[in-house]
Amino acid sequence: MRRVPQDSMLFVVLVVLGLTGSATADGQTSPSPPVGPQVQQPSANGPAQAKTAIRYSADFFAGKNAKTAFDMVNLLPGFTFSAGDVSIRGYSAAAGNVLIDGERPSNKQFTLDTVLQHIPTEQVEYIEVIEGARPGLEMLGQTVVANVVRKKSGGNSTVASLSNGFFLDGRNTPSGSVEVTRHGRSGQTFSGAVSASQYVELAEGNGPQVRRDIDGNVVDTVSVYSAAGGLTAYTYGVFSTPAWEGRLSINGSAARTDYAYREEDNITFPAASSSNLHEYLGGPLGGQLLGELGAHFNRNFGDKLVSETVALFEPSHQTYSSQLDSPGADEVFSERQHGGEALGRTNLRYSATPSLTAEGSAEVAYNWLSTAS
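Residues numbered from 1 in each chain as written. Predicted model: local features only at pLDDT ≥ 70, side-chain atom pairs only at ≥ 80, totals over all residues. Heavy atoms only, no water.

## As for the overall build of the protein chain
Inference 1: Of the regular secondary structure elements, the protein chain holds 2 helices and 19 strands.
Inference 2: Burial status across the protein chain gives 36% buried among its 373 residues.
Inference 3: Pairs at least 24 residues apart make up 62% of the contacts formed inside the protein chain by residues separated by at least 6 positions.
Inference 4: Element-wise, carbon and sulfur atoms account for 56% of the exposed surface of the protein chain, whose accessible area totals about 20600 Å². (Helix = DSSP H or I, 4+ residues; strand = E, 2+ residues; numbered from the N terminus. Buried < 20%, exposed > 50% of the residue type's maximum accessible area, 1.4 Å probe, protein only. Contact = heavy atoms within 4.5 Å. Areas by Shrake-Rupley, 256 points an atom, 1.4 Å probe, with all protein chains shown as cover.)

Written out as structure tokens, the structure reads:
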């Protein structure tokens, strides 16, 4: 199956509609709080420094054309972003080097850069780069991490966007998404999104193909008609609420991708013949299907002991088929895969002193894969 490029639009028309506000005590909405920093601002010689961290307020990123938290992280001086590897078995080994509000995102379906791209700069209060360790904070096995701290008084918002890419040969790639953020009066938060987009593979197209030998003699002449692309869509939701003297977050997501490749070769020299090749990743009811259901619970036992528990369930399904019809060869291939991962992890951190932290964790993971071809 051919590689599907991520950037395939020549001309883009973008429409964005957004509604943002914060709820007041009487239930009405007021304008969102100003974007300005809510923490200590950087001095003339650089950002404010703490004992184990360098803090960059929102003003540090002003004028740098940052649109999301992902852009801000990549603008941090001396910090190299790592998204981790969500394909690795288990939870702890797949971590990147960025925390959000002091916690690792409990999601393995979306990469860390994708999660950060869904956090607008207006929701970020500051980012701190932490070196070494900090009592009560998990460092994800890294010596340096960045912690994106969001504003606590963020308002409710709904953002809808539509776009389309137009190609000179008549192809187009429409896409659309809706993102929602809601805040409850008792500390609950919900964020979710739905997105769908069409894509094409730029390496494919119609045209003549002439092959010559080393002496310049024509070996064959072919008229080629080819096209490739498909539809990709995803949805996710995260609900967070105070519970059992701690904080519970529940997340769910699903993603679907299909792919179709077609090539027709009409040979006119040295003899007339034709061949057809079709490849499919899925179809109306197939394709690559990924899902995830997870829970994340944090609780403090006093000032020194912190517990963190994560549970994830990730099923996956994929179907693929190809068919080749050419002179002297008729080939059909199909494959179906079912797989997934279920894991649980619990972690305890005890801060004995400001400079000494003891940490212990246990993790169990179960993976499965069934393939028929």
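## Some words on the side chain of Asp220
Inference 1: Looking at the element boundaries, Asp220 is found in strand β12 (residues 218-243).
Inference 2: In this structure, Asp220 is in contact with Gln209, Val210, Arg211, Phe269 and Pro270, ignoring residues within four places of it in sequence.

## Remarks on the pairing of strand β9 (residues 175-183)
Inference 1: The pairing of strand β8 (residues 156-166) with β9 spans 7 bridges and is antiparallel. Pairing of Val159 across the sheet is with Glu179, part of β9.
Inference 2: Pairing analysis gives 9 bridges linking β9 to strand β10 (residues 189-200), with the strands arranged antiparallel. Paired with Ser175 across the strands is Ser197, a residue of β10. (Pairing = 2+ DSSP bridges.)

## Some thoughts on the packing of aromatic side chains
We describe a pair of aromatic rings using the distance from one ring centre to the other and the angle between the two ring planes.
Inference 1: As enumerated under the stated definition, the model contains 8 aromatic pairs in all.
Inference 2: A ring pair is formed by Tyr320 and Phe333, whose centres lie 6.2 Å apart and whose planes are at 55°; its orientation type is tilted. Of the two residues, Tyr320 is situated in strand β17 (residues 305-326) and Phe333 in strand β18 (residues 329-353); the sequence distance between them amounts to 13 residues.
Inference 3: Between the aromatic rings of Tyr366 and Trp368, the centroid separation amounts to 5.9 Å while the plane-to-plane angle is 25°, which identifies the pairing as stacked.
Inference 4: Taken together, the ring pairs in this structure connect Tyr56, Phe60 and Phe61 into an aromatic cluster. (Phe/Tyr/Trp six-rings, centres within 6.5 Å; stacked < 30°, edge-to-face > 60°.)

## What to know about the nonpolar core
Inference 1: Val73, Leu76, Val98, Leu116 and Ile127 are the most contacted members of the largest nonpolar core, which totals 21 residues.
Inference 2: Those elements that place two or more of their residues in this core are α1 (69-74), β5 (98-100), α2 (112-117), β6 (124-131) and β7 (144-150).
Inference 3: Looking at this core element by element, the count peaks at 4 residues for α1.
Inference 4: Excluding residues within four positions of it along the chain, Leu116 makes contact with Thr68, Ala69, Phe70, Val73, Phe81, Val98, Ile100 and Val148.
Inference 5: Tyr199, Ala228, Tyr259 and Leu281 belong to the second largest nonpolar core, which has 6 residues in total. (Core = buried A, V, L, I, M, F, W, Y, C linked by side-chain atoms within 4.5 Å.)

## Notes on the pattern of salt bridges
Inference 1: Inspection of the entire model under this criterion finds 6 salt bridges.
Inference 2: With its nearest N and O atoms 2.7 Å apart, the salt bridge here joins Asp220 to Arg211. (Salt bridge = Lys/Arg side-chain N within 4 Å of Asp/Glu carboxyl O.)

## Quick word on a nonpolar patch on the surface
Inference 1: Residues Val210, Val218 and Phe269 make up a contiguous nonpolar surface patch of about 230 Å² in total accessible area.
Inference 2: Of note, Val218 is situated in strand β12. (Patch = residues over 30% accessible without salt bridge, like charges linked within 9 Å, V, L, I, M, F, W, Y side chains within 5 Å.)

## Brief notes about the confidence of the model for the protein chain
Inference 1: Mean pLDDT over the protein chain works out to 80, with 82% of the residues at or above the 70 mark.
Inference 2: When the elements of the protein chain are averaged for pLDDT, strand β2 (residues 29-30) gives the smallest value, 40, and α1 the largest, 92.
Inference 3: This model gives residues 1-17 a pLDDT under 50, and the stretch forms 47 contacts once residues within four places in sequence are excluded.
Inference 4: Counting interchain partners and residues more than four positions distant, the pLDDT-below-50 stretch residues 19-46 has 47 contacts. (pLDDT = per-residue confidence, 0-100.)

## A word on the environment of Thr68
Inference 1: Mapped onto the elements of the fold, Thr68 is located in the loop between β4 (53-57) and α1.
Inference 2: Along the sequence, Thr68 and Ile119 sit 51 residues apart, while their C-alpha atoms lie 5.5 Å from each other.
Inference 3: The contact partners of Thr68, leaving out residues within four places of it in the chain, are Leu116, Gln117, Ile119, Pro120 and Thr121.

## Some details on the environment of Arg150
Inference 1: You can see Arg150 is positioned in strand β7.
Inference 2: In this structure Arg150 touches Ile100, Asp101, Ile119, Gln123, Val124 and Glu125, once residues within four positions along its chain are discounted.

## Some words on the side chain of His317
Inference 1: For His317, the position within the fold is in strand β17.
Inference 2: Classification of His317 by relative accessible area gives buried; the value is 15%.
Inference 3: Polar contacts involving the side chain of His317 include one to the main-chain carbonyl oxygen of Gln337, which spans 3.5 Å.
Inference 4: Not counting residues within four places of it along the chain, the set of residues in contact with His317 comprises Gly287, Gln288, Leu289, Arg336, Gln337 and His338. (Polar contact = N/O pair within 3.5 Å; in protein donor to acceptor, adjacent residues only side chain to side chain.)

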